[in-house]
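# Structure assessment
Chain residues, written in single-letter form:
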There are 4 protein chains.
Amino acid sequence: MTFEEAADALVAVGQAFHARGWAPATSGNYSARIDDGRIAITVSGAHKGRMTRGDIMLLDAGDPRRPSAETALHLAVYRAFPEVRSVLHSHAAISVGLGRASGDDWTIAGHELLKALPGIDTHDTSVAIPIVENSQDIAAIERAVMPRLGNSPAFMIRGHGMYGWGRSIAEAERVIEALEWLAEAELAERRFRA
Amino acid sequence: MTFEEAADALVAVGQAFHARGWAPATSGNYSARIDDGRIAITVSGAHKGRMTRGDIMLLDAGDPRRPSAETALHLAVYRAFPEVRSVLHSHAAISVGLGRASGDDWTIAGHELLKALPGIDTHDTSVAIPIVENSQDIAAIERAVMPRLGNSPAFMIRGHGMYGWGRSIAEAERVIEALEWLAEAELAERRFRA
Amino acid sequence: MTFEEAADALVAVGQAFHARGWAPATSGNYSARIDDGRIAITVSGAHKGRMTRGDIMLLDAGDPRRPSAETALHLAVYRAFPEVRSVLHSHAAISVGLGRASGDDWTIAGHELLKALPGIDTHDTSVAIPIVENSQDIAAIERAVMPRLGNSPAFMIRGHGMYGWGRSIAEAERVIEALEWLAEAELAERRFRA
Amino acid sequence: MTFEEAADALVAVGQAFHARGWAPATSGNYSARIDDGRIAITVSGAHKGRMTRGDIMLLDAGDPRRPSAETALHLAVYRAFPEVRSVLHSHAAISVGLGRASGDDWTIAGHELLKALPGIDTHDTSVAIPIVENSQDIAAIERAVMPRLGNSPAFMIRGHGMYGWGRSIAEAERVIEALEWLAEAELAERRFRA
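Residues numbered from 1 in each chain as written. Chains lettered and ligands numbered in written order. Predicted model: local features only at pLDDT ≥ 70, side-chain atom pairs only at ≥ 80, totals over all residues. Heavy atoms only, no water.

## Some thoughts on the relation of the copies chain B and chain A
For clarity, the cut-off: Least squares is the method for superposing the copies, and the C-alpha atoms it fits come from residues with pLDDT of at least 70 in both.
You can overlay chain B on chain A at an RMSD of 0.0 Å; the transform is a turn of 90° with a shift of 0.0 Å along its axis. On the angle and the small slide along the axis, the relation comes out as a four-fold axis. Within chain B, R191 of chain B has its C-alpha nearest the rotation axis, a separation of 5.6 Å.

## Thoughts on the UniProt feature "binding site: Zn(2+)" (unreviewed entry) in chain A
Convention followed: UniProt positions are given in the numbering used here, feature names are shortened, and annotations may be inferred rather than shown by experiment. Secondary structure is summarised from DSSP: a helix means a run of H or I of at least four residues, a strand means a run of E of at least two, and numbering begins at the N terminus for each. In this scheme, a residue with accessible area under 20% of its type's maximum is buried, one over 50% is exposed, and one in between is partly exposed, where area comes from a 1.4 Å probe on protein chains only. Residue contacts are defined here by distance: any two heavy atoms, one from each residue, within 4.5 Å place the two residues in contact. For the purposes of these results, a polar contact is taken to be a pair of N or O atoms within 3.5 Å, where, inside protein, one atom must be able to donate a hydrogen and its partner to accept one; residues adjacent in sequence count only when each atom of the pair is a side-chain atom.
With numbering matched to this structure, UniProt assigns "binding site: Zn(2+)" (unreviewed entry) to H89 and H91 of chain A. In this fold, H89 of chain A is placed in strand β4 (residues 86-90). Since its relative accessible area comes to 1%, H89 of chain A is described here as buried. Beyond its immediate chain neighbours, meaning those up to four positions away, H89 of chain A contacts G28, N29, Y30, E70, H160, G161, M162 and Y163 of chain A. Look at H91 of chain A and you get buried, because its relative accessible area is 2%. In contact with H91 of chain A, not counting residues within four places along its chain, are G21, W22, A23, P24, S27, G28 and H160 of chain A together with E112, L113 and W181 of chain D. At a separation of 2.9 Å, a polar atom in the side chain of H91 of chain A contacts the main-chain carbonyl oxygen of H160 of chain A.

## Overview of the sheet that holds strand β1 (residues 29-33) of chain C
Residue and element names in this part refer to chain C. Our working definition: Two strands form a pair only when DSSP identifies at least two bridges running between them. Note on geometry: axes are lines fitted to C-alpha atoms, helical ones only across the stretch in contact, with angles between N-to-C directions running from 0 to 180 degrees.
With mixed pairing, eight strands are arranged side by side in an open sheet as β3-β2-β1-β4-β8-β7-β6-β5. If you trace the sheet from one side to the other, it starts and ends with β3 (56-58) and β5 (105-109), each paired once. Pairwise comparison of adjacent strand axes, ignoring direction, gives a mean angle of 20° for this sheet. Note: β1 against strand β4 (residues 86-90), four bridges, orientation antiparallel. Its bridge partner lying in β4, N29 is registered against H89. Each of β1, β4, β5, β6 (126-132), β7 (154-157) and β8 (161-166) is contacted by helix α5 (residues 169-193), which is oriented at about 140° to β8, the strand it contacts most.

## Considering the pairing of strand β7 (residues 154-157) of chain B
Residues and elements named next belong to chain B. Quick note on the threshold: Orient the strands so they point away from the viewer, and a crossover whose first-strand-to-second-strand path over the helix runs clockwise is right-handed.
Where burial is concerned, the two faces of β7 agree: the one with A154 and M156 and the one with F155 and I157 are both buried. Inspection of the sheet shows strand β6 (residues 126-132) paired to β7 by two bridges, in the parallel sense. Among the inter-strand pairings, V132 is bridged to a residue of β7, identified as I157. Taken together, β6, helix α4 (residues 138-145) and β7 constitute a β-α-β crossover, and its handedness is right-handed. Examined bridge by bridge, β7 and strand β8 (residues 161-166) share four bridges and lie antiparallel to one another. When the sheet's bridge partners are listed, M156 is paired in β8 with M162. The hairpin turn running from β7 into β8, its antiparallel successor, is three residues long, and G159 in that turn takes a positive phi close to 70°.

## Points about the packing of helix α1 (residues 3-19) of chain B against helix α5 (residues 169-193) of chain B
All names here are of chain B. Note the cut-off: If an angle is under 35 degrees, it is roughly parallel; if it is over 145, roughly antiparallel; if it lies from 65 to 115, roughly perpendicular; otherwise it is oblique. A crossing counts as left-handed when the near helix is turned anticlockwise from the far one by less than a right angle, and as right-handed when that turn is clockwise. Each residue receives one of three labels: charged for Asp, Glu, Lys and Arg, nonpolar for Ala, Val, Leu, Ile, Met, Phe, Trp, Tyr, Cys and Pro, and polar for the others, Gly being one of them.
Relative orientation of the contacting elements α1 and α5 amounts to 15°, with a least axis distance of 11 Å. Taken together, the axes of α1 and α5 lie roughly parallel to each other. In terms of crossing hand, the pair formed by α1 and α5 is right-handed. Two secondary-structure elements touch here, α1 through A6, A9, L10, V13, A16 and F17 and α5 through I169, E173 and I176. By residue class, the composition of the contact of α1 with α5 is eight nonpolar, no polar and one charged.

## Quick word on the interface of chain C and chain D
So the rule is basically this: By buried area we mean the combined loss of accessible area, with a 1.4 Å probe, across both parts when two parts are placed together. Whenever Lys or Arg places a side-chain nitrogen within 4 Å of a carboxyl oxygen from Asp or Glu, that contact is recorded as a salt bridge.
Contact residues are listed per partner, giving 24 residues for chain C and 29 residues for chain D. Both sides together, the interface formed by chain C and chain D hides about 2100 Å², and carbon and sulfur atoms give 56% of it. Three residues, E112, W181 and F192 of chain C, lead the burial of chain C against chain D; their summed loss comes to 35% of the area buried on that side. Across the contact surface, chain C and chain D share two salt bridges. On inspection of chain C and its partner chain D, the count reaches 16 residue pairs in polar contact (both at pLDDT 80 or more). Counting residues per element, the side of chain C that touches chain D draws most heavily on α5 of chain C, at twelve residues.

## Here we look at the sheet that holds strand β1 (residues 29-33) of chain D
Residue and element names in this part refer to chain D. Pairing is mixed in the open sheet, where eight strands are placed in the order β3-β2-β1-β4-β8-β7-β6-β5. Looking along the sheet, the strands with just one partner apiece sit at the ends: β3 (56-58) and β5 (105-109). In this sheet, adjacent strand axes meet at a mean angle of 20° when their direction is disregarded. Note: β1 against strand β2 (residues 39-42), three bridges, orientation antiparallel. Paired with S31 across the strands is I41, a residue of β2. Running over the sheet, helix α5 (residues 169-193) touches β1, β4 (86-90), β5, β6 (126-132), β7 (154-157) and β8 (161-166) and is turned about 140° from β8.

## Topic: the interface of chain B and chain A
Of the residues lining the interface, 29 residues belong to chain B; the matching set on chain A comes to 24 residues. Across the chain B/chain A interface, buried area totals approximately 2100 Å², and carbon plus sulfur atoms make up 56% of it. For the pair chain B and chain A, the interface holds two salt bridges. Across the pair E173 of chain A and R50 of chain B runs a salt bridge, and its minimum N-O distance is 3.0 Å. Along the contact surface separating chain B from chain A lie 16 residue pairs in polar contact (both at pLDDT 80 or more). For the side of chain B that touches chain A, the secondary structure elements donating two or more residues are α3 (93-101) and α5 of chain B. Of the residues forming the side of chain B that touches chain A, the biggest block, seven residues, is contributed by α3 of chain B. When grouped by side-chain class, the residues that make up the side of chain B that touches chain A number eleven nonpolar, twelve polar and six charged.

## Quick look at helix α4 (residues 138-145) of chain D
Residues and elements named next belong to chain D. The condition that has to hold: Each C-beta atom gives one direction from the helix axis, and the arc is the one those directions make.
Among the residues of α4, those classed as buried are I138, I141, E142 and V145. End-on, the buried residues of α4 take up no more than an arc of 100°, which puts them together on one face. Those residues of α4 that are buried lie in contact with α2 (71-80), β6 and β7. Of the residues that open α4, the one with a side-chain oxygen 3.1 Å from the backbone nitrogen of A139 is D137.

## So, the side chain of T122 of chain A
As for its placement among the helices and strands, T122 of chain A is situated in the loop between β5 (105-109) and β6 (126-132). Here D124 of chain A takes part through its backbone nitrogen, which lies 2.9 Å from a polar atom of the side chain of T122 of chain A. With residues near it in sequence (within four places) discarded, T122 of chain A still touches L114 and K115 of chain A together with Q136 of chain B.

## Notes on the pattern of salt bridges
Within this structure, the stated rule accounts for 57 salt bridges over all chains. The residue D36 of chain A makes a salt bridge to R38 of chain A at a minimum N-O spacing of 3.0 Å. Where salt bridges share partners, they join R100 of chain A together with E189 and R193 of chain D into one cluster.

## A few points about the confidence of the model for chain A
Detail in the predicted coordinates should be disregarded across regions flagged by low pLDDT. Rules: Each residue carries a pLDDT value, the predictor's own confidence for that position, ranging from 0 to 100.
Mean pLDDT over chain A works out to 96, with 100% of the residues at or above the 70 mark. Here the prediction assigns the complex a pTM of 0.96, and the interface score ipTM is 0.95.

Following this line, the structure appears as structure tokens:
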């Protein structure tokens, strides 16, 4: 994946996420590890539904632009998982509501869509998505969440949103798409049970 | 219906279903019986909103590509109903939530939209959509659901989604569109009653 | 308004309504009174999001096509209100849920959006939208609802949907858009109060 | 910002807001302060999703067209905040439902998205959005709300909608997008807690 390929794909992710309400008010940030190992990432403050290739920057390239404050979380994921090529951060109203109403994790069980997560090949299992407290100290979030990942390809920051990743931009997008859908399904299920 | 006509129509179904959130994270699968009796079906793992004709394969044509694991369920429907020309599988958050919160079937009564289902010409009736347990053994799902269909042009797999069919791709799409809308209306009704 | 102008505008209504989920599974029907007094109306069974001018027919023109079964309700409105030029029938999950959970009418009070209804120029009022039982006998629906309209530019058929009208297609569309939005707002309000 | 630039941007706001259901039935109004200090504003009664440059007028230019009745509220914001260049009024079902179910304000706390509001750089704070009663006397709304703004870049009129502003049209749009999203997240959170 070249920088240009990564940038175009991240622009498309922004359009898709914003259209679904997962990137309100310039929130969210998306990155990819390109072929030479460097990280392409969204610049801070871009409207995610209206990005161009110029809203994606390359870290460690002397670029004077400022990447998102959460860049350190992206880097932590890339360090921990050498096979990961993309990290995406969504900001959906339903999963943020779920996160604020939940405890230390969100356990998903018995859903066919669990099979959309890497390494899972049966619905008859469960995955616990860690939920950590938000902080202005990004390093504190990193220390809190990285030891708690287990088999989860994602984590949530309370009142903030979802981070998910994969071995390609498409796989990372599939992880986010599955989890945001599962939050919607969980909400529907609870209302039908009420 | 030629293979090309079927493929183009199934690609359009994927775009429509994905846009509505009924095909998250590559989930779902769609098929059609073409003029020579063979079955055109989505390949496994395709992003349903971004398919091309190349993501549709023909069963029994020596094609090395792998169809969806649920292909056997499509074939069971075609065997049971010679007039059926299309089977579509949606994966909507609201109906999956309904299915997880319900018992052995979902009974729909008194809705004008029941008349969108083949063979029903009054709102003053009811249809029971069977809900069966999910399984990694597709044959087990088939054995559980096929004897329970009654007058239903669809069934649900718990935590997994909806299968619907018709004498054309358009009719199968109408069945799915009606049932997913009815699940939304049922949720709204329950909330207004609460 | 010529037939061609009416047909193009009704096709556009169908696209807008279907995109919002107000015309599932070919449901709904739309009409307009053209300059010579005749009624242009959607043919029965058309997919409302994919209509062309050919899916609109002219009543009393010897056209062999079949209009919607609810044509008599459109005609009743045109007879009762000589100034009305368009009648639109939407089929939205939220308002249908509201109608099934409500009694003989839906009273809307204190909403600024009431001013979108013809003849209302303050939010500080209320409008009662009549809700009548569904029936396969369209004349029975007509007899039940027409005497109950009062100042309402719309009525609901339980489990079926909303009829609204206006002195132009744009005004009828505004009535439907206002009422479907008000149903959504009412649902949100009740959930915030719960 | 010239009049033409302002008009084109406000037309785009209308398309975006209408597509999300924030501008039903011609509701809403949008304005911008152009370079010469005059105010460009939407004319009364325009369909917000289908505006052209001709639906934006310039106040104090001898234009015979009628601006929205709420123009005085826009002007009050421009007088109070010299740096403000745009005021936008949305009309979303969820936040209107929240406003009708709430008391004198809506307090938002602990959300990362608070940082989308001007002058806020931590999630660890709260903002109280004032909610005032609707009135046909716009001056009465103005007198009620302006003294109560505090650090809020927005206010709500009960049963009517949201006003938000910023130093550019983009910033005002970001404020509205953040607040409408936060209303959705608040609704989701309450339902998950129920």
